[in-house]
Amino acid sequence: MNWKTKLDAAAVAAVLLLAALGCSESAKTAEWTKAKVLGDKLDHPSAITADEKNIYFVTGGTIASLNDGTSGVWKMPVGGGPPSLLFKGYKKDENTVILPASFVLATDDKYLYFSAGHIYRVPKDGGDAVQITAGTPTEMTVDNDRIYWHNFVGEGMAATPAYSIAKAGGEVRTMTGAVNISAIAVDESSLYWAQPDGIYKTPKSGGDAVKVYAAPDKQSISGLAADRENLYFTIGSGRNALMKLAKAGGEPVKLIDEINHAHRFYVDDANIYFVKNEGSFGTSVNFVPRSGGVPQKVDTGYVASYFAAKGKIYVADISKIYELDAKP
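Residues numbered from 1 in each chain as written. Predicted model: local features only at pLDDT ≥ 70, side-chain atom pairs only at ≥ 80, totals over all residues. Heavy atoms only, no water.

**Points about the overall build of the chain**
Heads up, the condition is: For helices the rule is a DSSP run of H or I covering at least 4 residues; for strands it is a run of E covering at least 2, with both sets numbered from the N terminus onward. The rule is simple: take the accessible area with a 1.4 Å probe, protein chains only, and divide by the maximum for that residue type; under 20% is buried, over 50% is exposed, in between is partly exposed. Here the accessible surface of atoms and residues is derived via Shrake-Rupley with a 1.4 Å probe, and residues count as covered only by protein chains that are part of the display. Lys and Arg are tallied as positive, Asp and Glu as negative. Neither His nor the chain termini are counted. Where a charge lies is defined by one atom per residue type, namely NZ (Lys), CZ (Arg), CG (Asp) and CD (Glu).
Across its full length, the chain holds two helices and 30 strands. Overall size of the chain, expressed as C-alpha extent along the three principal axes, is 50 × 50 × 40 Å. Here the chain holds 328 residues, and 49% of them are scored as buried. With the model as given, the accessible surface of the chain reaches about 15600 Å², and the carbon-plus-sulfur share is 50%. Placing the 34 positive and 36 negative side-chain charges of the chain at their respective mean positions leaves the two points 2 Å apart.

What follows is the structure, given as structure tokens:
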């Protein structure tokens, strides 16, 4: 199951969860008991990312939300405060509405990158959004020079390559063949991607793909992240474990027996942050040392979207954004 299918499945699961809660007098929506509320009364915040100063997120994504003024790409101070609109979306003509997609955001020092039928970038300090290239990414990342992405592939659609382009625009470079990609990552020299049968890499400057790791029989790989020395991925056949694999080679090491692989996981200098299922409907946010060890639960609640780095976790439900601290 790739990220795009999992995102659809997660949306369906959320609807079923809300229906179940609404039909039960005793059931209650899970709340974050250890969290600080940073933003409230938001229109389905999603695609959260952050830097040292601000949290960035997408809201709305429907014509009704555009008309109501609740759709857009936003930033909000990490300590909380009124959100600032970076891109609203607009009605281009009678048949075309430009709305920000809720799959991914990416940042560098100056810009926020997002998708709305095309890939755009907008200054993080405010200004006009600039259209970079056509694209509907559900995986996207940036390095110092380029944007890397893989477009949405729905059920019954043909596989598509991963692409890259200079941040300021220009010629699009095809990075892979047509593949069923579930996640991408980059380091100084290579683009890595996960597909069900394994993990692959190709030089960012162009060249042949190499299979880094082959999934065992009847096991599928989904999520992927990278640091300087290791790759991290999820693998399973229903229940998915979190694994670490040295880029230098060798056998992968299991870090966590099972995580909720419908949500991405994040790796910083110290920890790996992940979502775990709790009971029939609940979820929790957790972390484990990057070197391995005992995982620790941070808090329990409903996760629509989240981002984690440097001990800070930002979680969105259907209307709020929360801050959690990952304390060893």
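**Overview of the pattern of salt bridges**
Oppositely charged side chains can pair when the atoms bearing their charge come close. Rule in force here: Salt bridge, as used here, is a side-chain nitrogen of Lys or Arg placed within 4 Å of a carboxyl oxygen of Asp or Glu.
Applying the stated criterion across every chain yields a total of 14 salt bridges. Notably, a salt bridge pairs Lys 124 with Asp 51, separated by 2.7 Å at the nearest N-O pair. Taken together, the residues Lys 124 in the loop between β10 (118–123) and β11 (130–134) and Asp 51 in the loop between β2 (46–50) and β3 (54–59) connect sequence positions 73 residues apart. By relative accessible area, Lys 124 is classed as buried at 7%. For Asp 197, the salt bridge goes to Lys 211, with nearest N and O atoms at 2.9 Å. Of this pair, Asp 197 sits in the loop between β17 (190–195) and β18 (198–203) while Lys 211 sits in strand β19 (residues 210–214); the two residues are 14 residues apart in sequence, bridging distant segments of the chain. A relative accessible area of 40% means that Lys 211 is categorised as partly exposed. Within this structure, Lys 312, Glu 323 and Asp 325 form a network of salt bridges that share partners.

**Considerations on the packing of aromatic side chains**
Geometry of an aromatic ring pair is reported as the spacing of the ring centres plus the angle between the planes. Note the threshold: In this analysis, rings of Phe, Tyr and Trp, with Trp reduced to its six-membered ring, are considered paired at centre separations within 6.5 Å, and the interplanar angle assigns stacked below 30 degrees, edge-to-face beyond 60, and tilted for intermediate values. Think of it as a cone above the ring: NZ of Lys or CZ of Arg counts as a charge over the ring if it is within 6 Å of the ring centre and within 35 degrees of the ring normal.
Per the stated rule, a full pass over the model turns up twelve aromatic pairs. Seen from their ring centres, Phe 87 and Phe 114 are 4.8 Å apart, and the 45° between their planes marks the pair as tilted. A residue pair is termed long-range when its members are at least 10 positions apart, and Phe 87 in strand β5 (residues 84–87) and Phe 114 in strand β9 (residues 111–115) qualify at 27 residues. With a centroid separation of 6.1 Å and an interplanar angle of 25°, the aromatic rings of Phe 103 and Phe 152 are classed as stacked. Of the two residues, Phe 103 sits in the loop between β7 (96–98) and β8 (106–107) while Phe 152 sits in the loop between β13 (146–151) and β14 (162–166), which places them 49 residues apart along the sequence. Judged by its relative accessible area of 26%, Phe 152 is partly exposed. Grouping aromatic residues by their ring pairs yields a cluster made of Phe 87, Phe 114 and Tyr 120. The residue whose ring lies beneath Arg 121 is Tyr 111, and the NZ or CZ to ring-centre distance is 3.8 Å.

**Things to note about the confidence of the model for the chain**
Heads up, the condition is: For every residue, the predictor reports its confidence as pLDDT, a number between 0 and 100. Residue contacts follow a heavy-atom distance rule, with two residues in contact if any of their heavy atoms lie within 4.5 Å.
Taken over all residues, the pLDDT of the chain has a mean of 91, while the share at 70 or more is 91%. Across residues 1–28, confidence stays below pLDDT 50; counting only partners more than four residues off in sequence or on other chains, it has 34 contacts.

**Looking at the nonpolar core**
The criterion, for reference: The criterion is simple. A nonpolar core is a set of buried Ala, Val, Leu, Ile, Met, Phe, Trp, Tyr and Cys residues joined through side-chain atoms within 4.5 Å.
In this structure, Ile 55, Phe 265, Tyr 306 and Ile 313 are the most contacted members of the largest nonpolar core, which totals 38 residues. The next biggest cluster of nonpolar side chains, apart from the first, holds 15 residues, and it includes Tyr 192, Ile 199, Ile 235 and Met 243.

**Let's talk about the sheet that holds β5**
Using the following cut-off: Following DSSP output, two strands are said to pair if at least two bridges run between them. What counts as an axis is a line fitted to C-alpha atoms, over the stretch in contact for a helix, and the angles between N-to-C directions run from 0 to 180 degrees.
With antiparallel pairing, four strands are arranged side by side in an open sheet as β2-β3-β4-β5. Every other strand in the sheet has two partners, leaving β2 and β5 as the edge strands with one partner each. Adjacent strand axes in the sheet meet at a mean angle of 25° when their direction is disregarded. Two elements, β2 and β3, share three bridges in a ladder whose sense is antiparallel. Within β3, the position partnered with Ala 50 by the bridge is Ile 55.

**Topic: the pairing of β9**
Counting buried positions over the five residues of β9 gives four, a clear majority of the element. Across two bridges, β8 lies against β9 in antiparallel orientation. The residue bridging Thr 107 from the neighbouring strand is Leu 112, located in β9. Here β8 hands over to β9 after three residues, the two strands then running antiparallel side by side. Pairing analysis gives five bridges linking β9 to β10, with the strands arranged antiparallel. Bridge pairing in β10 places Phe 114 opposite Tyr 120. Between β9 and β10, which pair antiparallel in sequence order, lie two residues; one of them, Gly 117, sits at a positive phi of approximately 85°.

**A look at the pairing of β13**
Judged by how many residues are buried, β13 sits mostly within the fold: six of six residues are covered. Taking every second residue as pointing to the same face, both faces of β13 are buried, with Arg 146, Tyr 148 and His 150 on one and Ile 147, Trp 149 and Asn 151 on the other. When strand β12 (residues 137–142) meets β13, the two strands line up antiparallel, connected through five bridges. Bridge pairing in β13 places Pro 137 opposite Asn 151. The turn linking β12 back onto β13 is made up of three residues.

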